[in-house]
Amino acid sequence: MGEYRKLWFLLIGVLAATFALLGYFGVEVYRSAPPIPTVVTTDGQTLYTQDDILDGQTAWQSVGGMQLGSIWGHGAYQAPDWTADWLHRELTTWLDLAAEKAHGKPYAQLGVEEKAALQARMKAEYRTNTGTNTGRGVGYDKETNTATVSPLRAEAIRRTAAYYDKLFSDDASLHTSREHFAMKENTLPSAERRAKLAGFFFWTSWAASTERPGKVATYTNNWPHEPLIDNHPTAENIVWSIASVVLLIAGVGFLVWGWSFLSRHDEAEPAAPAQDPLTRFALTPSQRALGKYLFIIVALFSVQVLLGGFTAHYTVEGQTFYGMDLSKWLPYSLARTWHIQAALFWIATGFLAAGLFLAPLLNGGKDPAYQKLGVDVLFWALIVVVVGSFAGQFLAIAQILPPHLNFWLGHQGYEYVDLGRLWQIGKFAGVAFWLVLMLRGVLPALRQPAGDKNLLALFSASVIAIGLFYAAGFGYGERTSLSVMEYWRWWVVHLWVEGFFEVFATTALAFIFCTMGLVSQRMATTASLASASLFMLGGVPGTFHHLYFAGTTTPVMAVGATFSALEVVPLVVLGHEAWEHWRLQHRAAWMAQLKWPLMCFVAVAFWNMLGAGVFGFMINPPISLYYVQGLNTTPVHAHAALFGVYGFLALGFTLLVLRYIRPQLEFSERLMTIGFWGLNIGLVLMIATSLLPIGIIQFHAAATEGLWWARSEEFMQQPLLQNLRWVRTFGDLVFIAGALSLSLQVVLGVFGGSRRELAAPVGAVGATAR
């Protein structure tokens, strides 16, 4: 370790402490997950059994799950949040039934005192958690795992369930609602499964309205905001929100002090070599085989972007695309599923391709035995997983796939891990195989006696983490509690993507620039180790900021709020990183040919600051997320961070690899200018003219009336919000033009050369490699 010993110990200590927190409070997630009870009435009638509720969960998965509306705030934004919607419908139905029974007239016609009396009675009935199943009261009995409800509430449940039975069928009376929610007709054809789906929706609202034993907050920490039963932010929510802001300010302050006093400012930059060092290596067969990876990256990228425009249009027309009725075969839920899955596939493939390009360089410019065969096998395995998972999702949402096969071959229903479990296993096997291919290049380099191996060791660790941590997605099953599922899902989405891919990208770029002779070995290693510690310090326990209202307890909220604030700290200095990347193109004449990959890395730094930092912290404090979870403020962060950071990273890696495997390629200034600026300007327009204004308007509605209103049909169909969704078309068109231009550049680069050129060594740029 040498002079980096302290940095290594710091990184190891951070990982040990943060994963200990993640594991310790992960046990708390299991222990405190809301129970799934049998629901009975005080007169002995059974409404739902535990199996009924879990069968309803599997029915929900098969129609798209989180891609059609949301549960506990997680999912899509066009249809309602089913938890908040069910709860409000059931409460208002209860009030009408109680008013008719007590006063002989509807609730709306009662006086203020009469309304207050009924609301107090309803609050006591809904929030109580001390009953038994012996007819002596309402509430939950832990010993028998039974939730007892009054006959009045049972009738409210039945009437609410009848509405959902009609909504998820092809009942003509709710056709307009299905259009507004972007639901296809007969979403769930089976009446039996619709009844169980209603039981699942009821259970999610039961957990959101029933107080945890011994507490004054519900299982979901009083989420969603529902004034009718006093679902308001808890005191702990406010306390830890303030603490997160204080910690953010303190973290930024200490970072500036550390940057000023601990970093060395007098280290001279190394003299840039006269020739690009990477061009001194002859292309290996495995590197030449990467062209097809680059093609599939931009092919999936183009499909994903077009599906994004298609999905956005569904928010205004619901079931048609400019009058064409396509919802029977490509409904909103499927288009959104493919949109997100395509993004994950092409972004991950961009990272994998970058690693496979580097592997031979680590091995002295030579391929290990059968490396090209491994690269080819991995590519076709990727194709099988993409085609298989997309086909399975189509068959699931079309309700063609038998229900018992849905979870394994069709649609898991969980955002970002929608693909069926069989295809998920295939994806993990592919990433693990990529790890093997990478280690075949890394391990020989680590065994060499001479040279500084610290940067290589960190790069190796990030490769291993990427290869193995996707397995966290196997921590849940088809009938696992939602709280437990969310814990493991965010291990994949937050830890695997936002954590270890971030470290891999940072280290890979440092390694590339160091190999090019543009950055000193010491500076690259120090920066990578320090960045990894900062990323992991906030990123690992910061996973819990996704679980504030997912059936977890206050300690989980406290840890999530505290450490998610620290996630933002390193992002405040990314302007300096952007400047450093931009100025590299002027360090040597040959660097001008890497202008566009470098511009992508500059964009990464900008969007990391804005998308992950500003927009991320906008929704991170518990008090903020309490009101905005499930609103259009979330896709503001998601688009700016997922595409702005990881999308541009993958595109930068794609252009970088393309530049070296096609040594005579000259990027078209016209195509790249349209591509780069079209993507950036389109993303800004998409957010600033549509998503963010809609999110802010919804935020006000959620804070004043409740989440049910901010996501309701009546609210979302207002002319102003409809117009804002139409306005998004302009940003989408600019973004699509940029995506297609950049994709065309890559396709021309991959297929534009002669077969002789493709087989030639890299040599010096401008030599007779053609």
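Quick notes on the rules
Residues numbered from 1 in each chain as written. Predicted model: local features only at pLDDT ≥ 70, side-chain atom pairs only at ≥ 80, totals over all residues. Heavy atoms only, no water. Helix = DSSP H or I, 4+ residues; strand = E, 2+ residues; numbered from the N terminus. Rg over C-alpha atoms; globule rule 2.2 N^0.38 Å. Buried < 20%, exposed > 50% of the residue type's maximum accessible area, 1.4 Å probe, protein only. Salt bridge = Lys/Arg side-chain N within 4 Å of Asp/Glu carboxyl O. Pairing = 2+ DSSP bridges. Axes fitted to C-alpha atoms, helices over the stretch in contact; angles between N-to-C directions. Polar contact = N/O pair within 3.5 Å; in protein donor to acceptor, adjacent residues only side chain to side chain. Contact = heavy atoms within 4.5 Å. Expected span 1.5 Å × (residues − 1). Bend = angle between axes of the 7 residues up to and from the residue. Phe/Tyr/Trp six-rings, centres within 6.5 Å; stacked < 30°, edge-to-face > 60°. Lys NZ or Arg CZ within 6 Å of the ring centre and 35° of its normal. Patch = residues over 30% accessible without salt bridge, like charges linked within 9 Å, V, L, I, M, F, W, Y side chains within 5 Å. Areas by Shrake-Rupley, 256 points an atom, 1.4 Å probe, with all protein chains shown as cover. pLDDT = per-residue confidence, 0-100. Lys, Arg positive; Asp, Glu negative; His and termini not counted. Parallel < 35°, antiparallel > 145°, perpendicular 65-115°, else oblique. Left-handed = near helix turned anticlockwise from the far one by under 90°. Nonpolar A, V, L, I, M, F, W, Y, C, P; charged D, E, K, R; others polar.

Points about the overall build of the chain
A count of helical and extended segments in the chain gives 27 helices and 8 strands. For the chain, the C-alpha radius of gyration of 27 Å lies close to 27 Å, the compact-globule estimate for 770 residues. The principal-axis extent of the C-alpha atoms belonging to the chain is close to 95 × 55 × 45 Å. With 770 residues in all, the chain has 61% of them scored as buried.

Notes on the pattern of salt bridges
Overall, the coordinates contain 19 salt bridges when judged by the stated rule. The partner of R479 in a salt bridge is D51, and the shortest N-O contact between them spans 3.6 Å. Of this pair, R479 sits in the loop between α15 (454-469) and α16 (482-515) while D51 sits in helix α2 (residues 50-62), placing them 428 residues apart in sequence. For D51, a relative accessible area of 46% gives the class partly exposed. Residues joined by salt bridges that share partners form a network here, namely D51, D55, E192, K196 and R479.

Looking at the sheet that holds strand β6 (residues 146-149)
What the 4 strands build is an open sheet, ordered β2-β1-β6-β5; its pairing is mixed. Since the sheet does not close on itself, it has two edges, and those belong to β2 (46-48) and β5 (139-141), each with one partner. Strand-to-strand twist in this sheet, taken as the mean axis angle between neighbours without regard to direction, amounts to 30°. In this sheet, β6 lies alongside strand β1 (residues 38-41) in parallel orientation, the contact comprising 4 bridges. Its bridge partner being in β6, V39 is matched across the sheet by A147.

Examining the side chain of N221
By the secondary structure assignment, N221 is in the loop between α7 (191-209) and α8 (235-262). A distance of 3.2 Å separates a polar side-chain atom of N221 from the backbone oxygen of T552. Setting aside residues no more than four positions away along its own chain, N221 makes contact with T234, Y548, F549, T552, T553, T554, M557 and Y626.

Some words on helix α23 (residues 669-704)
Here α23 contains 36 residues, and its C-alpha end-to-end distance of 51 Å stays within 8% of the 52 Å for a straight helix at 1.5 Å per residue. Largest kink in α23: about 40°, centred on I687.

Notes on the pairing of β1
Pairing of β1 with β2 involves 2 bridges; the strand directions are antiparallel. The residue bridging V39 from the neighbouring strand is Y48, located in β2. Connecting β1 to the next strand, β2, in antiparallel fashion are 4 residues, including G44 with a positive phi near 95°.

Here we look at α15
With 16 residues, α15 extends 22 Å from end C-alpha to end C-alpha; this agrees with the ideal 22 Å at 1.5 Å per step. For α15, the full list of buried residues reads N454, L455, L456, L458, F459, S460, S462, V463, A465, I466 and G467. Looking at the packing, one finds that the buried side of α15 touches α1 (5-32), α11 (332-362), α14 (421-447), α16 and α17 (521-539).

Quick notes on the packing of aromatic side chains
Tallied over the full model, the rule gives 64 aromatic pairs. Note on F459 and F511: the rings are 6.2 Å apart at their centroids and 20° apart in plane angle, and the pair reads as stacked. With a gap of 52 residues between them, F459 in helix α15 and F511 in helix α16 connect regions that are remote in the sequence. Ring geometry for W709 against F715: centres 5.5 Å apart, planes inclined by 65°, an arrangement best described as edge-to-face. Overall, F715 belongs to the buried group, its relative accessible area being 6%. The ring of Y476 has R421 sitting right over it, with the charged end atom 5.3 Å from the ring centre. The lysine or arginine in question, K427, covers the ring of F345, its NZ or CZ lying 4.9 Å from the ring centre.

Brief notes about unusual backbone geometry
Here the amide bond leading from W223 into P224 is cis, since omega sits at 0°, within 30 degrees of zero. Here P224 is to be found in the loop between α7 and α8. Positive phi outside glycine occurs at D230, with the angle close to 60°. Looking at the secondary structure, you find D230 in the loop between α7 and α8. We note that Y416 has phi near 80°; this positive angle belongs to a residue other than glycine.

Quick word on the environment of S460
Its location among the elements puts S460 in helix α15. Separated by 21 residues in sequence, S460 and L439 place their C-alpha atoms 7.5 Å apart. With sequence-adjacent residues up to four places away left out, S460 is seen in contact with V442 and L446. Engagement of the side chain of S460 in a polar contact is seen with the backbone oxygen of L456, the distance being 2.7 Å.

Details of a nonpolar patch on the surface
A surface patch of nonpolar side chains, amounting to about 270 Å² of accessible area, comprises I238, I242 and V246. Residue classification places I238 among the partly exposed positions, given a relative accessible area of 42%.

Some remarks on the confidence of the model for the chain
Overall, the predicted model of the chain reaches an average pLDDT of 91, with 95% of residues at or above 70. Between residues 754-770, whose pLDDT stays under 50, and residues either more than four places distant or in other chains, the model counts 36 contacts.

Section: the side chain of E125
Considering the arrangement of structural elements, one finds E125 in helix α4 (residues 112-127). One buried charged residue, E125, remains without a salt bridge, the closest side chain of opposite sign being R121 at 5.1 Å. Residues in contact with E125, not counting those within four places in the same chain, are W94, V138, S150 and R153.

Quick notes on the packing of α1 against α17
α17 packs onto α1 with a crossing angle of 15° between their chain directions and a minimal axis gap of 9 Å. Relative to α17, the element α1 is oriented roughly parallel. With respect to the hand of their crossing, α1 and α17 are arranged in left-handed fashion. For the pair α1 and α17, the contacting residues are L7, W8, L10, L11, V14, L15 and T18 in the first and T526, L529, A532, S533, M536 and L537 in the second. Of the residues that constitute the contact of α1 with α17, the class distribution is 10 nonpolar, 3 polar and no charged.

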